[in-house]
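Overview (structure and organization)
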Amino acid sequence: MKLLLSLLILSTFFQNTLSAQEWSVLSNIKFNTPSTSYSIDSENNLYIGFGDGRLSRFSSKNEKLPDFSLPNQSAITLVEAQNNRKIFLFQKDIQKISILDRFSTIAQQYFLSEFGIGYAIATCPTPDNGIWITETNPSRLKKIDLLRKNVLLEVQHSLGDSITFMKAIQNLLLVSDENGVHVFDQFGSPVISIEAGKINYVQFLKNEIIASRDSDFLYINPSDGSIRKEVPFPGGSAECFIDLGGKIAVIKKKQVTFYESP
């Protein structure tokens, strides 16, 4: 019995030690204002939007770079920085999108009312310089040409009002909500829905969807919805987990911690 108890204690000790080693901290940066949105660019630089309309950047070396601030103090609901020459921002409260050219102080700004949109739950840029919008009453998914300000296509959807994030990549549109991740094609037709509970953020890396939940993140095959890997976070819950290629950014309301990839 004593031997069994000793082995159990030893096993627990090694498991805890392994977990700590797997999630070794590289750096930690704290915020004064709660974070509200997140993104990365093609060079693995991290972008974080805040409730006061400020956008912060962190280099691939975990270094804090200069901020950008929008003229009003409405929260940045979504940031998309995959193309770091045209950073896309959405402020849901005031129904406005802004596009930053190389993080300059002059932004192109559009109110969604200009496109005949009553109220958008979420929006994101498309690879062909347009935008996707999910609209309520009725529930519609729209693709809009920003320059001509006209609707390119419009389809009804059944996603509801719980959409947390949208991202267009290649010929796919990824939409996350309280039920999981939903994949649409370039025409707005549903391809597959992946039931995984509430998803806070999605990214696309090496032909896989990485879906962030409150206390873990999933690596998903978009073609069949199968989960290749589930990575639990030993430090409790977080707002978002982002794979930066060799390290993980764990974002909480008022801090970001960079870890070596577990």
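Residues numbered from 1 in each chain as written. Predicted model: local features only at pLDDT ≥ 70, side-chain atom pairs only at ≥ 80, totals over all residues. Heavy atoms only, no water.

With respect to the overall build of the protein chain
Along the backbone of the protein chain there are 1 helix and 24 strands. For the protein chain, the C-alpha radius of gyration of 20 Å lies close to 18 Å, the compact-globule estimate for 262 residues. The dimensions of the protein chain, computed from C-alpha atoms along their principal axes, are 75 × 40 × 30 Å. Counting the 262 residues in the protein chain, one finds 49% classified as buried. The long-range fraction of contacts in the protein chain, counting pairs at least 24 apart against all pairs at least 6 apart in sequence, stands at 40%. Carbon and sulfur atoms provide 50% of the accessible area of the protein chain, an area that totals close to 12900 Å². When the 26 positive and 27 negative side-chain charges of the protein chain are each reduced to one mean point, those points stand 6 Å apart. (Helix = DSSP H or I, 4+ residues; strand = E, 2+ residues; numbered from the N terminus. Rg over C-alpha atoms; globule rule 2.2 N^0.38 Å. Buried < 20%, exposed > 50% of the residue type's maximum accessible area, 1.4 Å probe, protein only. Contact = heavy atoms within 4.5 Å. Areas by Shrake-Rupley, 256 points an atom, 1.4 Å probe, with all protein chains shown as cover. Lys, Arg positive; Asp, Glu negative; His and termini not counted. Charge placed at Lys NZ, Arg CZ, Asp CG, Glu CD.)

Focus on the pattern of salt bridges
Per the stated rule, a full pass over the model turns up 13 salt bridges. Across the salt bridge formed by D145 and R148, the nearest N and O atoms sit 3.0 Å from each other. On the basis of relative accessible area, D145 is assigned to the buried category, the value being 14%. The shortest N-O distance in the salt bridge between D216 and R213 comes to 2.8 Å. Since its relative accessible area comes to 8%, D216 is described here as buried. (Salt bridge = Lys/Arg side-chain N within 4 Å of Asp/Glu carboxyl O.)

A closer look at the sheet that holds strand β7 (residues 86-91)
Strand pairing within a sheet occurs via backbone hydrogen bonds; the two strands may be parallel or antiparallel. Sheet architecture is open: 4 strands sit in the order β6-β7-β8-β9, paired in antiparallel fashion. Each having just a single partner strand, β6 (78-80) and β9 (107-111) make up the two edges of the open sheet. Here the strands of the sheet are splayed against their neighbours by 15 degrees on average, with no regard to which way each runs. In this sheet, strand β8 (residues 96-101) lies alongside β7 in antiparallel orientation, the contact comprising 6 bridges. Within β8, the position partnered with F90 by the bridge is I97. (Pairing = 2+ DSSP bridges. Axes fitted to C-alpha atoms, helices over the stretch in contact; angles between N-to-C directions.)

With respect to the side chain of T123
Inspection of the secondary structure puts T123 in strand β10 (residues 120-125). Judged by relative accessible area, which is 0%, T123 ranks as buried. A distance of 2.7 Å separates a polar side-chain atom of T123 from the backbone oxygen of W132. (Polar contact = N/O pair within 3.5 Å; in protein donor to acceptor, adjacent residues only side chain to side chain.)

Let's talk about the packing of aromatic side chains
Here the structure, examined in full by the defined rule, presents 12 aromatic pairs. Plain terms: the ring middles of W23 and Y259 are 5.3 Å apart, the flat faces sit at 80 degrees to each other, and that makes the pair edge-to-face. Taken together, the residues W23 in the loop between α1 (2-22) and β1 (25-30) and Y259 in strand β24 (residues 255-260) connect sequence positions 236 residues apart. Taken individually, W23 and Y259 each receive the classification buried, so the pair is uniform in this respect. Taken together, the aromatic side chains of W23, F217, Y219, F233, F241 and Y259 make up a single cluster linked through ring pairs. (Phe/Tyr/Trp six-rings, centres within 6.5 Å; stacked < 30°, edge-to-face > 60°.)

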